[in-house]
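Residues per chain are reported as follows:
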Amino acid sequence: MNEEQKLNQFQARIDADEKIEPRDWMPDGYRKTLIRQMSQHAHSEVIGMQPEGNWVLRAPSLRAKKILLAKIQDEGGHGLYLYSATETLGIDRTEMIEQLQQGNAKYSSVFNYPTLNWADIGAIGWLVDGAAIVNQTMLAKCSYGPYSRAMLRICKEEGFHQRQGYEIMGKMMTGTQAQREMAQDAMNRWWWPALMMFGPHDSESAHSQESMKWKIKVESNDKLRQRFVNRTVEQAHHIGLTVPDPLLSYNKETLNWSFGPINWDEFWSIVKGNGPCNEQRMSHHIKYHNEGAWVREAALAFEENLTKKQTVSI
Ligand code: FAQ
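Quick caveat, the model's predicted, so the values are computed rather than measured.

A. A look at the pattern of salt bridges. Under the definition given, this model contains 14 salt bridges. Note that R189 and D185 form a salt bridge whose closest N and O atoms lie 3.1 Å from each other. Taken together, the residues R189 and D185, both in helix α8 (residues 177–196) and four residues apart, mark about one turn of the helix. For D185, a relative accessible area of 32% corresponds to the partly exposed category. Between D222 and R225 there is a salt bridge, with its nearest N and O atoms 2.8 Å apart. Taken together, the residues span about one helical turn, with D222 and R225 both in helix α10 (residues 221–238) at a distance of three residues. Members of the salt-bridge network, linked through shared partners, are E52, K71, E75 and D129.

B. Representation of the site of the ligand. Near the ligand you find 37 residues, and of these K106, S109, S205, H207 and K217 are the closest. Contact distances for the ligand include 2.9 Å between an oxygen atom and a side-chain N or O atom of N221. For the shell around the ligand, the element with the most residues is helix α6 (residues 118–139), which contributes seven residues. By residue class, the composition of the shell around the ligand is 15 nonpolar, 13 polar and nine charged.

C. Main features of the packing of aromatic side chains. Across all of its chains, the model carries 11 aromatic pairs by this definition. Between the aromatic rings of W55 and W118, the centroid separation amounts to 6.4 Å while the plane-to-plane angle is 65°, which identifies the pairing as edge-to-face. Of this pair, W55 sits in the loop between α3 (49–53) and α4 (62–87) while W118 sits in helix α6; the two residues are 63 residues apart in sequence, bridging distant segments of the chain. Here the two residues W55 and W118 agree in accessibility, since each one is buried. Three or more aromatic residues joined by ring pairs make a cluster, and in this case those are F10, W25, Y30 and W214.

D. Examining helix α5 (residues 93–101) more closely. All of the buried residues along α5 are M96, I97 and L100. All buried residues of α5 lie within an arc of 95° about the axis, which places them on one face of the element. On its buried face, α5 is in contact with α2 (28–47), α4 and α12 (278–291). Backbone geometry just after α5 places G103 at a positive phi near 80°.

E. Seen up close, the environment of E297. Tracing the chain through its elements places E297 in helix α13 (residues 293–313). Under the relative-accessibility criterion, E297 is labelled exposed at 54%. Each C-alpha atom, one on E297 and one on M138, is 38 Å from the other, the two residues being 159 residues apart in sequence.

F. Focus on the packing of α2 against α5. Interaxial distance between α2 and α5 falls to 11 Å at its minimum, and their mutual angle equals 70°. One way to sum up the angle between α2 and α5 is to call them roughly perpendicular. Along its contact with α2, which presents S39, H43 and I47, the element α5 presents M96, I97 and L100. Taken together, the residues of the contact of α2 with α5 break down into four nonpolar, two polar and no charged.

G. How the structure looks around the side chain of Q226. Note on placement: Q226 falls in helix α10. The contact partners of Q226, leaving out residues within four places of it in the chain, are N256, W257 and F259.

H. Expanded view of the packing of α2 against α4. Between α2 and α4, the shortest axis-to-axis distance is 7 Å and the interhelical angle comes to 160°. Between α2 and α4, the crossing angle belongs to the class labelled roughly antiparallel. Pair α2 / α4 crosses with left-handed handedness. Across the interface between the two elements, I35, M38, S39, H41, A42, H43, E45 and V46 from α2 touch E75, H78, G79, L82, Y83, A85 and T86 from α4. Here the residues of the contact of α2 with α4 are counted per class, giving seven nonpolar, six polar and two charged.

I. A look at helix α1 (residues 3–15). With 13 residues, α1 should reach 18 Å at 1.5 Å per residue; the first-to-last C-alpha distance of 18 Å fits that figure. Listing the buried residues of α1 in full gives F10, Q11 and I14. The arc enclosing the buried residues of α1, seen along the axis, measures out at 95°, which places them on a common side. Contacts made by the buried residues of α1 are with α2 and α9 (208–213). You can read the cap of α1 off the contacts: a side-chain oxygen lies 3.1 Å from the backbone nitrogen of E4, and it is on N2. Just beyond α1, the residue with positive phi is D17, at close to 60°.

What counts and how
Residues numbered from 1 in each chain as written. Predicted model: local features only at pLDDT ≥ 70, side-chain atom pairs only at ≥ 80, totals over all residues. Heavy atoms only, no water. Salt bridge = Lys/Arg side-chain N within 4 Å of Asp/Glu carboxyl O. Helix = DSSP H or I, 4+ residues; strand = E, 2+ residues; numbered from the N terminus. Buried < 20%, exposed > 50% of the residue type's maximum accessible area, 1.4 Å probe, protein only. Near = heavy atom within 4 Å. Polar contact = N/O pair within 3.5 Å; in protein donor to acceptor, adjacent residues only side chain to side chain. Nonpolar A, V, L, I, M, F, W, Y, C, P; charged D, E, K, R; others polar. Phe/Tyr/Trp six-rings, centres within 6.5 Å; stacked < 30°, edge-to-face > 60°. Arc of directions from axis to C-beta. Contact = heavy atoms within 4.5 Å. Axes fitted to C-alpha atoms, helices over the stretch in contact; angles between N-to-C directions. Parallel < 35°, antiparallel > 145°, perpendicular 65-115°, else oblique. Left-handed = near helix turned anticlockwise from the far one by under 90°. Expected span 1.5 Å × (residues − 1).

Printed below as a string of structure tokens:
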């Protein structure tokens, strides 16, 4: 088959909702887009452990500490599934980490904000994991088999994370005046960054058109953002929180909550590395990656030893 025939056959498989598997033929652009998006997704999961890690030693109870530790461990696990799934496309994890540390790969903008008080842990679980679920439920239907299957498993765990965050916020809203103010303050600081997680508006999104043709993304940035807003506004009102948006209003015709403009200057400034915590997140990642070098060496030595023994016994 010539290149054009291969492309047509590939697109026909996508249009028929078939999954593409690692050994199948795929266009270079499809492979590159997946490597970019999946590796950035993996980096986000791992960098996302840092804002929450800040509160493990200050959790208000043993129960809260155990839940938070389990959640952070889950996020590390999600990073590992996603690095493994990305490796099926022919890139090594070492290379992906180099791209991150050299500033050539992104991670989600939302993890460049600080966690100032315990309510921030509630807001991250409820809003950030809540936004992640909306996005990842869509990605579970993506055309690339390993990514889609990783998403199914990850979404189950994110559901628990979202509920633990909402529980923290709900509890604080039934507490003292000071606790209610802390919860509202965290809501005010995390609401807009959570909306930014879905990426630029569809009209500004460089990759959406191609990614949707290939069903890497099956719904657009704006559609998912609107779904998240519709779900979350009701949850906020239910526990007495105010959404920090004076333009928020319910549209009875479209059945959507309309919301005010997003500050895209803030978003792009953070994406370019100028957010309040970008520098701290990367220097922390580099420091602990370097300190963990001996673990990787030991694991590799163990693996080499095992291969030698297996070769001898064969
Ligand atoms: N932050 O053309 P588009 C989590 C970039 S996991 C930074 O629309 P695309 C779990 C984009 O990369 C959260 N950069 O791009 C957790 C592109 O630049 P590039 C992470 C962003 O890929 C919870 C440029 O803008 N989830 O939260 C962002 O078609 C709690 C143009 O944008 C994922 O990564 C952003 N928010 O659509 C962990 C999901 N948005 O690459 C710990 C997978 C856009 O050309 C604690 N990713 N950009 O240099 C996706 O679904 C997509 O990549 C989108 C962006 C929707 C994020």
